[in-house]
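The lines below spell out each chain.
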Amino acid sequence: MSTTTTGSGDAQGATPMSGEAMITTRGLTKHYEMGAETVKALNGVDLEIRRNEYVAIMGPSGSGKSTLMNLIGCLDTPTSGEYILNGQAVQDLDDDELARIRNREIGFVFQTFNLLPRATALHNVELPLIYAGVGSKERQRRAAGALEQVALGDRMDHKPNELSGGQRQRVAIARALVNDPSIILADEPTGNLDSHTSAEIMQVFEDLRRSGQTVIMVTHEYGIAARAQRVITLVDGKISSHDAALPTEVGSHAF
Ligand code: ADP
Ligand code: MG
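First, a word on what this report is: a plain description of the structure on this page. Not measured: the values here are computed from a predicted model.

For the rest of this paragraph, the subject is the overall build of the protein chain. Counting secondary structure elements, the protein chain contains 7 helices and 10 strands. The buried share among the 255 residues of the protein chain stands at 40%. Taking all contacts inside the protein chain whose residues are at least 6 apart in sequence as the whole, residues at least 24 apart take part in 72%.

Here it is in structure tokens:
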């Protein structure tokens with residue numbers, strides 16, 4: 001795919017933030033009302049992520065990692081606080097605008113792949129383009145290109161159950177890439193994969209970063225986080241540390 005961010009350019013009409021911040025959050029909170037109880041999943045997150053950064057998010061189970069990813073990915077809205085994506089204040093957008101940003105600016109990769117079981121790899125990757133209103137010929141051309149980018153050009157007609165776990169995750173990555181989004185968000189993308197396959201998937205993300213993508217990845221594996229440029233650790237819905245990078249030689253202890 002291209003080394004620039006063509007295709008996602010329209011949201012950049014707004015003045016870019018200082019230092020090319022792609023994502024800025026200020027005092028971001030998310031509270032869930034559960035009957036009489038309030039679950040404070042996020043408690044004031046201040047974050048800045050620049051274009052073409054590769055950031056890992058770590059933290060114990062329940063610390064708010066997925067909640068933060070869902071907010072960054074516009075899958076959910078915060079209880080309070082600000083979120084600026086590409087110079088646009090996301091908290092001010094209505095549902096249609098949010099849906100558009102989600103489709104055009106964000107590529108999401110999940111632990112469980114989330115592919116349509118009866119659809120071929122090609123069709124799975126075409127889906128975001130259908131929502132974006134792209135015509136059928138162009139859709140197939142772009143979906144095939146994204147699959148080739150993740151080295152699955154020879155598996156386009158396979159359904160998920162005719163693919164290995166690593167291949168399924170690569171289809172999901174191709175689907176995340178196909179709209180040429182501003183950011184790729186991956187929530188424990190190697191959580192269901194063996195270590196050899198995980199390494200292969202990590203290589204795909206590193207290649208994407210090298211070709212200009214911004215990547216944010218949740219992981220609880222130290223060895224995976226160590227490959228990012230920067231690691232953010234969440235504890236109890238707050239950032240407890242920002243590390244420039246982890247030393248890579250320590251091994252792959254689980255968090
Ligand atoms: P992590 O991904 O770090 O394991 P989550 O962001 O999934 O953590 O969850 C943070 C906290 O918010 C947890 O206590 C969880 O139970 C709670 N939580 C997450 N989603 C919801 C929801 N939809 N409704 C109520 N509570 C939730
Ligand atoms: Mg989670």
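Once you've had a look at it, read on.
Where burial is concerned, most of helix 1 (residues 65-72) is hidden: 6 out of the 8 residues are buried. Every buried residue belonging to helix 1 is among Lys65, Thr67, Leu68, Met69, Leu71 and Ile72, and all of these are buried. Looking at the residues trailing helix 1, positive phi occurs at Cys74, about 60°.

For ligand 1, the full set of nearby residues is Tyr32, Met34, Val39, Ala41, Gly59, Ser61, Gly62, Ser63, Gly64, Lys65, Ser66 and Thr67. Taken together, the residues that form the shell around ligand 1 break down as 4 nonpolar, 7 polar and 1 charged.

So, on to the sheet that holds strand 10 (residues 238-243). In space, the 6 strands of this open sheet follow the order 6-7-8-3-9-10, with mixed pairing throughout. Lying at the two open borders of the sheet, with one neighbouring strand each, are strand 6 (106-110) and strand 10. The sheet shows a mean angle of 20° between the axes of neighbouring strands, taken without regard to direction. Across 4 bridges, strand 3 (residues 54-58) lies against strand 9 (residues 230-235) in parallel orientation. Considered in strand 9, the bridge of Ala56 is made with Val231. Across the sheet, helix 6 (residues 195-210) is in contact with strand 3, strand 7 (183-187) and strand 8 (214-218); its angle to strand 8 comes to roughly 150°.

Okay, the packing of helix 5 (residues 165-177) against helix 6 next. Two quantities define a packed helix pair, namely the angle between the helix axes and the distance between the axes. Where helix 5 contacts helix 6, the two axes come as close as 9 Å, and the packing angle between them is 20°. Taken together, helix 5 and helix 6 sit at an angle that is classed as roughly parallel. Crossing hand, helix 5 versus helix 6: right-handed. Two secondary-structure elements touch here, helix 5 through Gly165, Gly166, Gln169, Arg170 and Ile173 and helix 6 through Thr197, Glu200, Ile201 and Val204. A class-by-class count of the residues in the contact of helix 5 with helix 6 yields 3 nonpolar, 4 polar and 2 charged.

What follows concerns the packing of helix 3 (residues 121-131) against helix 4 (residues 136-149). Contact geometry for helix 3 and helix 4: axes closest at 9 Å, N-to-C directions at 120°. Considering their axes alone, helix 3 and helix 4 lie oblique with respect to each other. The handedness of the crossing between helix 3 and helix 4 comes out as right-handed. When helix 3 is examined against helix 4, the residues Ala121, Leu122, Val125, Glu126, Leu129 and Ile130 are found in contact with a partner set consisting of Arg139, Gln140, Arg142, Ala143, Ala144, Ala146 and Leu147. Broken down by class, the residue content of the contact of helix 3 with helix 4 amounts to 9 nonpolar, 1 polar and 3 charged.

Taken as a whole, helix 3 has its buried residues at Ala121, Leu122, Asn124, Val125, Glu126, Pro128 and Leu129. On the buried face of helix 3, the contacting elements are helix 2 (95-105), helix 4 and helix 5. Backbone geometry just after helix 3 places Gly133 at a positive phi near 80°.

This part is about the sheet that holds strand 4 (residues 80-85). Consider a sheet: its strands pair through backbone hydrogen bonds, and that pairing is either parallel or antiparallel. Sheet architecture is open: 4 strands sit in the order 2-1-4-5, paired in antiparallel fashion. Each edge of the open sheet is held by one strand with a lone partner, namely strand 2 (37-50) and strand 5 (88-89). Sheet topology places strand 1 (residues 21-34) next to strand 2; 11 bridges connect them, and they run antiparallel. Each residue of the ladder has a partner; that of Glu33, found in strand 2, is Thr38.

In this section: the environment of Leu93. Of note, Leu93 is situated in the loop between strand 5 and helix 2. Residues Leu93 and Thr77, 16 residues apart in the sequence, show an inter-C-alpha distance of 9.9 Å.

Each value, and the rule that gives it
- The residue count restarts for each chain, going from 1 along the sequence in the order it is written.
- Naming scheme: in the order in which they are written, chains are lettered from A and ligands are numbered from 1.
- Per-residue local features are limited, in this predicted model, to residues with pLDDT of at least 70; the limit for side-chain atom pairs, both in listing and counting, is 80 or more; totals at the level of whole chains, interfaces and linings are taken over all residues.
- The way it works is that DSSP assigns letters per residue, a run of H or I at least four long becomes a helix, a run of E at least two long becomes a strand, and they are numbered from the N terminus.
- Working definition of burial: number of other C-beta atoms within 10 Å of the residue's own, with buried at 20 or more, exposed at 12 or fewer, and partly exposed in between, all C-beta atoms being placed from the backbone.
- Remark: residues whose backbone-derived C-beta atoms lie within 7 Å of one another are considered to be in contact.
- Nearness is defined per residue: the C-beta atom, placed using the backbone, must lie within 6 Å of the molecule or strand.
- The classification used treats Ala, Val, Leu, Ile, Met, Phe, Trp, Tyr, Cys and Pro as nonpolar, Asp, Glu, Lys and Arg as charged, and all other residues, Gly among them, as polar.
- The pairing criterion is simple: DSSP has to find at least two bridges between the two strands.
- For helices, the fitted line uses only the C-alpha atoms of the stretch in contact; every axis is such a line through C-alpha atoms, and the angle between N-to-C directions lies from 0 to 180 degrees.
- Relative orientations are named as follows: roughly parallel for angles under 35 degrees, roughly antiparallel for angles over 145 degrees, roughly perpendicular for angles from 65 to 115 degrees, and oblique for any other angle.
- Put simply, a crossing is left-handed when the front helix is turned counterclockwise from the back one by less than a right angle, and right-handed when it is turned clockwise.

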